[in-house]
Amino acid sequence: MAKLTSKARSKLKSSSFAVPSKKPGSGSYPIPDASHARNALARVSQHGSSAEKAKVRAAVHRKYPSIGKK
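Residues numbered from 1 in each chain as written. Predicted model: local features only at pLDDT ≥ 70, side-chain atom pairs only at ≥ 80, totals over all residues. Heavy atoms only, no water.

Draft legend 1. The arrangement of helix α3 (residues 50-63) in detail. When the terminal C-alpha atoms of α3 are compared, their 20 Å separation across 14 residues agrees well with the 20 Å that a helix rising 1.5 Å per residue should span. Within α3, burial applies to V56, A59 and V60. The arc that holds the buried residues of α3, viewed along the axis, is 95°, so those residues lie on one side. Exposed side chains of α3 directed beyond 90 degrees from the buried face belong to S50, R57 and R62. In this structure, the buried side of α3 is in contact with β1 (17-20), β2 (27-30) and α2 (34-47). (Helix = DSSP H or I, 4+ residues; strand = E, 2+ residues; numbered from the N terminus. Expected span 1.5 Å × (residues − 1). Buried < 20%, exposed > 50% of the residue type's maximum accessible area, 1.4 Å probe, protein only. Arc of directions from axis to C-beta. Contact = heavy atoms within 4.5 Å.)

Draft legend 2. Spotlight on the nonpolar core. Of all hydrophobic cores here, the largest spans 13 residues; its most connected members are A18, Y29, I31, A37, V56, V60 and I67. At the level of elements, β1, α2 and α3 are the ones that each hand at least two residues to this core. Per-element tally for this core: the top contributor is α2, with four residues. In contact with V56, not counting residues within four places along its chain, are A18, V19, Y29, A40, L41 and V44. (Core = buried A, V, L, I, M, F, W, Y, C linked by side-chain atoms within 4.5 Å.)

Draft legend 3. A look at α2. In this model α2 runs 20 Å from its N-terminal to its C-terminal C-alpha over 14 residues, within 8% of the 20 Å that 1.5 Å per residue would give. Along α2, the residues that are buried comprise H36, A37, A40, L41 and V44. The arc enclosing the buried residues of α2, seen along the axis, measures out at 145°, which places them on a common side. Residues of α2 that are buried make contact with β2 and α3.

Draft legend 4. Inspection of the environment of Q46 at higher detail. Within the fold, Q46 resides in helix α2. Residue classification places Q46 among the exposed positions, given a relative accessible area of 52%. Residues Q46 and D33, 13 residues apart in the sequence, show an inter-C-alpha distance of 20 Å. Among the polar contacts listed, one links the side chain of Q46 to the side chain of R43, at a separation of 2.6 Å. (Polar contact = N/O pair within 3.5 Å; in protein donor to acceptor, adjacent residues only side chain to side chain.)

Draft legend 5. Looking closely at the packing of α2 against α3. Contact geometry of α2 with α3 gives a least axis separation of 9 Å together with a crossing angle of 170°. On the basis of the axis angle, α2 is roughly antiparallel to α3. For the pair α2 and α3, the crossing hand works out as left-handed. Contact with α2, carried on its side by A37, A40, L41, V44, S45 and H47, involves E52, K53, V56, R57 and V60 of α3 and no other residues of that element. Considered class by class, the residues forming the contact of α2 with α3 number six nonpolar, two polar and three charged. (Axes fitted to C-alpha atoms, helices over the stretch in contact; angles between N-to-C directions. Parallel < 35°, antiparallel > 145°, perpendicular 65-115°, else oblique. Left-handed = near helix turned anticlockwise from the far one by under 90°. Nonpolar A, V, L, I, M, F, W, Y, C, P; charged D, E, K, R; others polar.)

Structure follows, in structure tokens:
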């Protein structure tokens, strides 16, 4: 997985987060690339609520359709 520094994270568009915040450059579960998308799915399955799980799965599938297929 590529290293995502706080400086680089703050420059990400809200569309690069599975659960975006209203504040630019912030949100939960950054998905700027496929490896971060896979990591977001793993993290939300461990720590997320059912609503967060649904949002993250939908965002990952929208941006990377081949990830998360069963």
